[in-house]
Every structure is written in C-alpha cells, then in structure tokens.
Amino acid sequence: MTLGVGGLAAYALLTEPALREERPRLRDLASGLGSAAALYGIFLVGDRMARQIMPAGEREIGSIYELRTAAPRPAITAALALVIGPGEELFWRGLVQRNLHRRFGRLRGWLLAASIYGAVHLVSDNFTLTGAATTAGLFWGALYARDQRLTPLIISHISWDIWIFLVAPTG
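Here, residues in each chain are numbered from 1, in the same order as that chain's written sequence. Since the coordinates come from a predicted model, pLDDT governs what is reported: local features require at least 70, and pairs of side-chain atoms require 80 or more to be given and counted, while whole-chain, interface and lining totals use all residues. Side-chain numbers here rest on the full set of heavy atoms in the structure, without hydrogens or water.

### Section: the packing of helix α4 (residues 73–104) against helix α7 (residues 151–167)
This is how it is decided: Here the axes come from fitting lines to C-alpha atoms, over the contacting stretch only for helices, and the angles between their N-to-C directions go from 0 to 180 degrees. A helix here means a DSSP run of H or I that spans at least four residues, while a strand means a run of E at least two residues long, and both kinds are numbered starting from the N terminus. For this classification, under 35 degrees means roughly parallel, over 145 means roughly antiparallel, 65 to 115 means roughly perpendicular, and everything else is oblique. Handedness of a helix crossing follows the sense of rotation of the near helix relative to the far helix, less than a right angle counterclockwise being left-handed and clockwise being right-handed. A contact between two residues is defined here by any heavy atoms of the two lying within 4.5 Å. In this count, Pro and Cys sit with the nonpolar residues alongside Ala, Val, Leu, Ile, Met, Phe, Trp and Tyr, while Asp, Glu, Lys and Arg are called charged and the others, Gly among them, polar.
Taken N-terminus to C-terminus, the directions of α4 and α7 make an angle of 140°; their axes are 9 Å apart at the nearest point. Taken as axis vectors, α4 and α7 run oblique relative to one another. Crossing of α4 against α7: the hand is right-handed. For the pair α4 and α7, contact is made by Arg73, Ile76, Thr77, Leu80, Ala81, Ile84, Gly85, Pro86, Glu88, Glu89 and Arg93 and by Leu153, Ile154, His157, Ile158, Asp161, Ile162, Phe165 and Leu166, respectively. Considering only residue class, the contact of α4 with α7 consists of eleven nonpolar, three polar and five charged.

Here it is, written out as structure tokens:
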C-alpha cells in the first residue's frame with residue numbers, strides 16, 4: 001500500500017503544479033486536529049452501527065485491525081504519517097477532486113470524488129471498509145470543497161489514521 005499510494009502522490013505532484021505551491025499555516029494544525037477528532041467521533045458511532053446492522057461487520061472490522069500486527073508499530077506509524085495519509089490527500093483531493101471540481105462544479109465534483117474513492121475499496125471485498133472509506137472520503141472531500149486547502153486535510157488524515165488504527169481503535 002505504501003508504494004502504491006506513494007506512486008499516486010508522486011503522480012499528483014508532477015501533474016498538478018498547484019499542489020506544490022500551497023504553504024502551511026499555523027491554523028491548519030488546529031483545523032486538521034479538530035477535523036480528525038470529529039471524524040473519529042463519526043467512526044465511533046459508525047463502528048457500533050456496522051457491528052449491529054451488517055452481518056459481517058464484526059469480522060470485517062476485526063480484519064482491518066489485524067493489520068496492526070503486520071509490521072512493527074514504528075514502521076506502520078511512519079508509513080501512515082509520511083506516505084499514506086499525505087499521499088491519499090494529494091491524489092484523491094488534490095488531483096482527482098480538484099479536477100472534478102473544474103469539470104462538474106464543487107458539489108458534483110465532491111460527490112463524484114468521494115464515490116470513486118469509496119468504490120476503489122470494493123476490491124478489498126470488505127464492505128465495512130468500503131463504507132468507512134466512503135464516509136472518510138465524503139468528510140475530507142467536503143472540507144476540501146469548502147476550503148480548497150490540503151494542508152489541514154493532510155494533518156487530519158495522518159492524525160486520524162494513527163489514532164484510529166494504532167492508539168484508540170473504535171472497537
């Protein structure tokens with residue numbers, strides 16, 4: 001996953017020059033951490049619902065969290081913080097959603113980007129993961145549609161990934 005997302009991020013940076021021009025602001029840190037906390041709250045509720053509503057929800061959520069044992073925690077943290085979180089934002093919001101906004105407007109571009117982001121997770125054959133990815137894509141995509149800034153989203157994505165996956169899983 002690290003290599004794939006890293007490649008997508010590199011592609012986004014090469015093909016979308018504006019991605020290289022955004023400069024971090026101090027308020028991006030508060031915005032990023034606050035939105036990560038809000039998304040975590042959404043996932044606390046969603047986790048409980050998925051376990052009750054979806055027949056395979058408990059098993060599918062468990063299989064996601066099993067991945068925490070696939071490598072040492074420092075390696076997972078580094079991959080999430082240095083490649084996966086930033087890479088997904090650069091590619092999905094910075095390249096895909098930005099171009100869909102240009103073509104279809106902000107609302108339709110946001111919905112299309114989030115739908116595609118969720119749909120690529122169908123190959124996992126884990127419908128709980130697909131739903132979670134779609135939810136996160138809608139959330140981060142809405143923030144991008146509103147503010148047109150990636151730095152707070154990168155901070156949010158990194159913080160949320162590490163918190164939900166390594167520090168305080170929802171289940």
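### Quick look at a nonpolar patch on the surface
As a reminder, the rule being used: Residues with no salt bridge and a relative accessible area higher than 30% make up the patches, which join like charges within 9 Å and nonpolar side chains (Val, Leu, Ile, Met, Phe, Trp, Tyr) within 5 Å. Throughout, the Shrake-Rupley method with a 1.4 Å probe supplies accessible areas, and for residues the shown protein chains are the sole cover considered. Any carboxyl oxygen of Asp or Glu within 4 Å of a side-chain nitrogen of Lys or Arg constitutes a salt bridge here. Burial here depends on accessible area, computed with a 1.4 Å probe over protein chains only, as a share of the maximum for the residue type. Under 20% is buried, over 50% is exposed, and the range in between is partly exposed.
A cluster of nonpolar side chains, namely Phe104, Leu112, Ile116 and Val120, defines an oily patch on the protein surface of about 280 Å² accessible area. For Val120, the location among the structural elements is in the loop between α5 (106–119) and α6 (127–147). Judged by relative accessible area, Val120 falls into the partly exposed class, the value being 39%.

### Quick notes on the layout of surface pockets
Keep this limit in mind: Only protein atoms enter the calculation, which uses a 1 Å grid: trapped sets of points that fit a 1.4 Å probe without letting it out are cavities, open sets showing protein on both sides within 12 Å along at least five of seven lines are pockets, and any residue with an atom within 4 Å of a point is a lining residue. Grid points are joined across faces, edges and corners, and a volume is the space filled by probe spheres set on the points.
Estimated volume of the largest pocket: approximately 1200 Å³. Lining the largest pocket are 45 residues, and of these Ile64, His121, Leu129, Trp160 and Phe165 lie nearest its centre. Contributions of two or more residues to the lining of the largest pocket are made by α1 (2–15), α2 (26–53), α3 (57–66), α4, α6 and α7. Considering every element that reaches the lining of the largest pocket, the biggest residue donor is α6, with nine residues.

### Side note on empty space enclosed by the protein
Under the defined criterion, the tally for this structure stands at one cavity of 30 Å³ or more. A volume near 50 Å³ is recorded for the largest cavity. Considering every element that reaches the lining of the largest cavity, the biggest residue donor is α6, with four residues. Residues belonging to the lining of the largest cavity are distributed by class as follows: four nonpolar, three polar and three charged.

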